[in-house]
Amino acid sequence: MEALISRADAILPLTKKRKSSSSASGTHGVVKSRPAKVSSRSPKSQARSRHSKGKDRNVSETVSIPDATLSSVARRTTIPPSLLPPPDPSTQVKRKQEQEKDAFPHISDKKLKARLSSHRSLAATRSMQVTDAALLLPTSAGLIEATDPLDRTWKVTQGDLLQNEGVGREAAAGRRELVLDGGAGGGFKTRWTRNGRHTVMVGRRGRLASVDWMTGSVHAEIQLKETCRDVTYLHSHHHVAVAQSRHAFIYDQNLVELHRLSALIEPAFLEFLPYHWLLVCAGLPGTLSYLDTSMGTIVAQHRPKLGPPTALSQNTHNAVVYWGAGNGTVTLWTPSSTTPHVRLLAHLGPITALSVDPSSGGRYLATGGMDGRVKVWDSRNYASPVREWSPRSGPASALEWSQRGVLAVASGGTVNTYTSPTIQSPHSIPALPPLYLTHPLPSGSKPTSSLRFEPFQDVLAIGHGKGISTILVPGAGEPNFDSAEADPFENTKRRAEREVRGLLDKIQPDMITLDPDFVGSLAPPSKLAYTNTTAGSDENGRRKVPISSGMPFRNLPRLERLRVQGKADETEVMEESEEEYSNEMMGAKTDKRVEKEKMKMRGKGKALKRYLKKKRKNVIEPSTIAIREKLEKHREERKQAREQEKRQVEGLEGALPTRPSALDRFRGK
């Protein structure tokens, strides 16, 4: 019976008052009287209150036993932190002080302890924020996977992707076909903004258009009536740089001409470095120019001496520019160096396309040449390519890496895509890697002039002779974006703030290096480690010299080798006595060298030498003083040695019997 009553009590809502199982059964009920309270009220008021509460006396005076069911649920449930009441500030301060005292008990310095405690609290807060951010980024990029071993992903067409609901309505809406009348040989090139919202396209015959890809509206469209070779966005979609026949021009969002860059002559390729605000231009005369768009001045201009460029690309990780030449070489350039950092013979013919993988931090480089080969290189070792194959449709005319490491290759009338694990793994045999997706271009659209992946979307824009085509490549785009870096939904105010912040944080061109982690790091220890024995002299009276312990003797510089051998000349001009002693110490070989140098003195050299010698006498240096003391000491030692030899000779002559000689007449009496 008690079990049934307890179950019935558990079913009741928690807001209603419950009776304990013991009180409900009537056998084990316990009634406890409350302790009497001393009241200052009058007897009448006490009687009145006693009369009003007489009916509820049994309820108020009964102490109910805790419900076992409710207690069992409470032990196994927790309240979310957002619903908890705010903690007491004084309690937090006390707890923080106790943690600081217990954190570093062995440190007596209060300032150091407070600094370490603040660093510790910041690290704990950072780890909590990283955990919260991981919860806010649940989306992951997904590739197409074949469920059946006999199925192939390259058999999936664009129509199948549009019919599939798993692809997403937003990605399907981003696929468009823009057919433009480019004319004969009017290959179109396109560029995206960093947030992927706007795009600009230009045709070989001068057709220029700016489009808001998210809304599908056209900002402006004009006909330049001039040969256009390339186009790129600057720091925002309000500034577009176009490489025209003679010079490069800058237009605004409505394609109104703002500037003419007369310093950039016959530009062929354009690249913009967003963190340095540099417009990189490769011209047909064979020049590589860096233009600071914030100041309007040329920062650096190089001449690779490789002829007109055939391809140009940038590494978004370290802002190094890759130059493709007609002789099949790829060179790496920075503004601060007049010579290439790396010179790579990639193909046996002209370079047709270049692209650097942004997903791997710029580690992998894809190149295409007229020899019909596509090669993937590892920047850590340029000795041989990681992967190499020949496209079936001919030489690759365009290459492009996506944010997630998908490589798109345009050759002939098709565009093929490959995933990163298959093309980045070493393969010794030149064979075609597994194909991911393929898309045939419409007839009459050859050749393919450009390939550009839309940032943060699975969309690939293809520029060809008839216009612009876009296809879906699932898993190509980065699903999560940083709104502080590139926000597709930014408004006018956020865009202005981003431009001002980017201008204030602009990196100087001299800081562009192959290893960006080099900036701010400590200098490596010197390879030449010397013992601290430069002062004093050894037992023979010779001065001790530094000895190298970290490098072989043959690799030391000439001055260091002379110091180790004791032949280093510490002074510019020596006195005659010092010269004599040095000649005796160095030997006959040194005498020949000194004589040869003396023979070279002609004309004003002697007078100048005498002038420097006179001037040198008034200069007092520690090295000169030490050498003079050493020479004086050696003179005294030689003098004493001669006197001792003379005494020995005289002593021997006195001890041995002498015979009369014809030379005795010359002895002094």
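Residues numbered from 1 in each chain as written. Predicted model: local features only at pLDDT ≥ 70, side-chain atom pairs only at ≥ 80, totals over all residues. Heavy atoms only, no water.

(A) How the structure looks around the overall build of the chain. Regarding its fold elements, the chain presents 16 helices and 28 strands. Out of the 669 residues in the chain, the part that is buried amounts to 34%. Of all intrachain contacts in the chain linking residues separated by at least 6 positions in sequence, the fraction that spans at least 24 positions is 46%. Surface summary for the chain: the accessible area is close to 43000 Å², and the carbon and sulfur share equals 54%. (Helix = DSSP H or I, 4+ residues; strand = E, 2+ residues; numbered from the N terminus. Buried < 20%, exposed > 50% of the residue type's maximum accessible area, 1.4 Å probe, protein only. Contact = heavy atoms within 4.5 Å. Areas by Shrake-Rupley, 256 points an atom, 1.4 Å probe, with all protein chains shown as cover.)

(B) Molecular detail of the packing of aromatic side chains. Tallied over the full model, the rule gives four aromatic pairs. With a centroid separation of 5.3 Å and 80 degrees between ring planes, the pair formed by W192 and W213 is classed as edge-to-face. Residue W192 is found in strand β2 (residues 188-192), and its partner W213 is found in the loop between β4 (207-212) and β5 (217-223); the two are separated by 21 residues along the sequence. Accessibility expressed as a relative area gives 5% for W213, which makes it buried. Three or more aromatic residues joined by ring pairs make a cluster, and in this case those are F456, F481 and F489. Lying over the aromatic face of Y275, R194 brings its terminal NZ or CZ to 5.1 Å of the ring centre. (Phe/Tyr/Trp six-rings, centres within 6.5 Å; stacked < 30°, edge-to-face > 60°. Lys NZ or Arg CZ within 6 Å of the ring centre and 35° of its normal.)

(C) Quick look at the pairing of strand β14 (residues 311-314). Taking every second residue as pointing to the same face, both faces of β14 are buried, with A311 and S313 on one and L312 and Q314 on the other. Pairing of β14 with strand β15 (residues 321-324), which is carried by four bridges, proceeds in the antiparallel orientation. Residue pairing in the sheet places S313 in a bridge with Y322 of β15. Joining the antiparallel neighbours β14 and β15 is a turn of six residues, in which A319 adopts a positive phi near 65 degrees. (Pairing = 2+ DSSP bridges.)

(D) Region of the structure containing the pairing of β15. Residues V321 and W323 point to one face of β15 and Y322 and G324 to the other, with burial holding for every one of them. Relative to strand β16 (residues 329-333), β15 runs antiparallel, the two sharing four bridges. Looking across to β16, one finds that Y322 is bridged to L332. Taking the residues that link successive antiparallel strands as the turn, the β15-β16 hairpin has four residues, and the phi of G328 there is positive, at about 90 degrees.

(E) Fine view of the sheet that holds strand β3 (residues 198-203). One open sheet accounts for four strands, arranged β2-β3-β4-β5; its pairing is antiparallel. Across the chains shown, the open sheet's two edge strands, defined by having one partner strand only, are β2 and β5. On average, each strand axis in the sheet is tilted by 15 degrees relative to the strand beside it, whichever way the strands run. Relative to β5, β4 runs antiparallel, the two sharing six bridges. Paired with A209 across the two strands is E221, which belongs to β5. (Axes fitted to C-alpha atoms, helices over the stretch in contact; angles between N-to-C directions.)

(F) The sheet that holds strand β24 (residues 414-418), seen in detail. Spatially, four strands are ordered β22-β23-β24-β25 in an open sheet, and the strand pairing comes out antiparallel. Unpaired on one side and paired on the other, β22 (396-401) and β25 (437-440) mark the two borders of the sheet. This sheet shows a mean twist of 15 degrees between the axes of neighbouring strands, independent of strand direction. Alignment of β22 against strand β23 (residues 407-411), held across five bridges, turns out to be antiparallel. By the bridge assignment, A398 is partnered in β23 with A410.

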